Amino acid sequence: MATPRVLSGIQPTGNIHLGNYLGAIRNWVDLQDKYDCFLFMADLHAITVPYEPKQLKDNVRKVAATYIACGIDPQKSTIFVQSQLSAHSELAWLFNCITPLNWLERMIQFKEKAVKQGENVSVGLQGYPILQAADILLYEPDLVPVGEDQKQHLELTRDIAARLNFQFGNEENPVLKVPEPMILKAGARVMSLTDGTKKMSKSDPSELSRIDLTDPPELLRKKVKKCKSDPHRGLEFDNPERPECNNLLNLYMILSGQEKEAVAQECADMGWGQFKPLLADTLVEALAPIQAKYAEVMEDSAYLDSVLAEGREKANAVAGTTLANVKTAMGFTL
Ligand code: AQP
């Protein structure tokens, strides 16, 4: 039996932060021994919000280097750049023409992001979930890891696949494979350091709101020192009145590799003045090996080029076949 395939990606919209690592990349590292992982840099998605071309280019390489630094092994997983495969845009267009507009109008993430862009909101932002459907369905994955915020988009992907199969295939011979969601075990949702009710995000204008994986030790210490706390003494998990406290304890728990109970006991009587340096030390120690490997990969641009060229070739072989099948089914001559 073929190894089941998993597909996932990250938008190169900025520096990769602790949320991207704990919520996504770290899980992929565990998956790559059991699954055939296709992991990409979603640069076509990154241009649905304002961006700088030079920065986009740099960010793509930085994200690729981060994947490797975090433990993604290019011998086991396929790492590729979305925009280097025209199949993504081409399939997205085909999907555009079979997807009812009202399916897109329901998408919550569009509504949230559109508010921030006002009158400049692009057609691309609205069509984002269609491109995402193309990204996924091209690789015929068995499973797609999804966080809470992406569940609706995966549902749409499944609906598009089913609609295309219904219109242009038949039950015995579906054109597209319909993937299943992979619900990850109680995922780490990392919250902003300046507001424990908001998720940590690349696009937050405040640098102090997030921990980037490449932050040097002194910056990590500064960010932890300045992060929002509360006036209470003694730290506790799961108190809805203390979202910052819960977030920082969770981070300490995950990064130190301890059980929740042990951390709850250790920190029950601590004040912030004692806890913050402990968290900072733990962060510095946990990120050191990732940062060392990242520096190594970024210095060896020939190696990074070769990983991306190989990934492109492997991805192209799969995506090209799926696109050809869809085009044939839809009545195009290849
Ligand atoms: N704070 C977070 N906690 C846990 N997981 C997170 N992810 C993002 N933020 C957190 C996960 O990282 C993966 C890649 O996300 P993305 O770059 O495709 O888009 P995003 O979710 O919109 O990430 P950001 O950092 O908030 O980027 P911007 O600011 O550009 O929109 C996903 O698996 C996501 O769940």
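A short tour of the structure in this document, coming up. None of these values were measured; they are calculated from a predicted model. (Residues numbered from 1 in each chain as written. Predicted model: local features only at pLDDT ≥ 70, side-chain atom pairs only at ≥ 80, totals over all residues. Heavy atoms only, no water.)

1. Considerations on the overall build of the protein
Along the protein, the regular secondary structure elements total 13 helices and five strands. For the protein, the spread of C-alpha atoms along the three principal axes comes to 70 × 45 × 40 Å. Here the analysis covers contacts within the protein between residues at least 6 apart in sequence; of these, 74% occur between residues at least 24 apart. In the form shown here, the protein has an accessible surface area of approximately 16700 Å², with 52% of it arising from carbon and sulfur atoms. Distance from the positive charge centre (36 side chains) to the negative charge centre (44 side chains) of the protein: 3 Å. (Helix = DSSP H or I, 4+ residues; strand = E, 2+ residues; numbered from the N terminus. Contact = heavy atoms within 4.5 Å. Areas by Shrake-Rupley, 256 points an atom, 1.4 Å probe, with all protein chains shown as cover. Lys, Arg positive; Asp, Glu negative; His and termini not counted. Charge placed at Lys NZ, Arg CZ, Asp CG, Glu CD.)

2. Things to note about the packing of helix α3 (residues 53-69) against helix α13 (residues 301-329)
The geometry of α3 relative to α13 is characterised by a closest axis approach of 11 Å and an angle of 90° between their N-to-C directions. One element, α3, and the other, α13, form an angle in the roughly perpendicular class. From α3, R61, A64, A65 and I68 reach across to α13, where they touch S301, Y303, L304, D305, V307 and L308. Here the residues of the contact of α3 with α13 sort into seven nonpolar, one polar and two charged. (Axes fitted to C-alpha atoms, helices over the stretch in contact; angles between N-to-C directions. Parallel < 35°, antiparallel > 145°, perpendicular 65-115°, else oblique. Nonpolar A, V, L, I, M, F, W, Y, C, P; charged D, E, K, R; others polar.)

3. Thoughts on the pairing of strand β3 (residues 78-81)
Burial along β3 is two-sided: the residues T78 and F80 and I79 and V81 are all buried. Pairing between strand β2 (residues 36-41) and β3: four bridges, direction parallel. In the sheet register, F38 faces β3, and the bridge partner there is T78. (Buried < 20%, exposed > 50% of the residue type's maximum accessible area, 1.4 Å probe, protein only. Pairing = 2+ DSSP bridges.)

4. Looking at the nonpolar core
With 60 residues, the main nonpolar core has L18, I25, M41, Y67 and F275 as its most contacted residues. It is helix α12 (residues 272-299) that contributes the most residues to this core, ten residues altogether. Beyond its immediate stretch of four places on either side in the chain, L18 contacts G23, V190, M200, I211, L213, L251, L255, L283 and L287. (Core = buried A, V, L, I, M, F, W, Y, C linked by side-chain atoms within 4.5 Å.)

5. Looking at the site of the ligand
Near the ligand lie 18 residues; those nearest to it are H17, V190, S201, K202 and S203. The side chain of N20 places a nitrogen or oxygen atom 3.1 Å from an oxygen atom of the ligand. Between V190 and the ligand, the recorded distance is 2.7 Å, taken from a backbone N or O atom to a nitrogen atom. Bound to the protein, the ligand loses 87% of the 640 Å² it would expose on its own. If you tally residues by element for the shell around the ligand, the top one is helix α1 (residues 18-31), at four residues. For the shell around the ligand, the residue count by class is five nonpolar, eight polar and five charged. (Near = heavy atom within 4 Å. Polar contact = N/O pair within 3.5 Å; in protein donor to acceptor, adjacent residues only side chain to side chain.)

6. Focus on the pattern of salt bridges
In the structure shown here, the tally under the stated rule is 18 salt bridges. Salt-bridge contacts for K327 lead to E90; the nearest nitrogen and oxygen are separated by 2.7 Å. Placement of the pair is K327 in helix α13 and E90 in helix α4 (residues 87-96), with a sequence separation of 237 residues. A salt bridge links D281 to R221, with the nearest nitrogen and oxygen atoms 2.6 Å apart. Here R221 lies in helix α9 (residues 217-226) and D281 lies in helix α12, a separation of 60 residues in the sequence. (Salt bridge = Lys/Arg side-chain N within 4 Å of Asp/Glu carboxyl O.)

7. Considerations on the packing of aromatic side chains
Taken as a whole and judged by the stated rule, the model has seven aromatic pairs. Arranged with centres 5.2 Å apart and planes meeting at 45°, the rings of F80 and Y139 form a pair that is tilted. With F80 in strand β3 and Y139 in the loop between α7 (123-137) and β4 (143-146), this pair connects stretches of sequence that are 59 residues apart. Pair check on accessibility: F80 and Y139 agree, each one buried. Ring geometry for Y252 against F275: centres 5.7 Å apart, planes inclined by 90°, an arrangement best described as edge-to-face. Placement of Y252 in helix α10 (residues 243-256) and of F275 in helix α12 is noted, with a sequence separation of 23 residues between them. (Phe/Tyr/Trp six-rings, centres within 6.5 Å; stacked < 30°, edge-to-face > 60°.)

8. Focus: the environment of T99
Positionally, T99 belongs in the loop between α4 and α5 (101-105). The exposure class assigned to T99 is buried, which follows from its relative accessible area of 12%. Along the chain, T99 and I160 lie 61 residues apart, while their C-alpha atoms are 6.7 Å from each other. Ignoring anything within four residues of it in the chain, the contact list for T99 reads I130 and I160. In terms of polar contacts, T99 uses its side chain to reach the backbone carbonyl oxygen of F95, at 2.7 Å.

9. Here we look at α13
Under the 1.5 Å per step criterion, the end-to-end length of α13 is 41 Å for 29 residues, consistent within 8% with the ideal 42 Å. The axis of α13 is deflected most strongly, by about 25°, at N316. Residues of α13 that are buried include every one of L304, V307, L308, G311, A315, V318, A319, T322, L323, V326 and K327, and no others. Two residues or fewer past α13, G331 is found with a positive phi of approximately 100°. (Expected span 1.5 Å × (residues − 1). Bend = angle between axes of the 7 residues up to and from the residue.)

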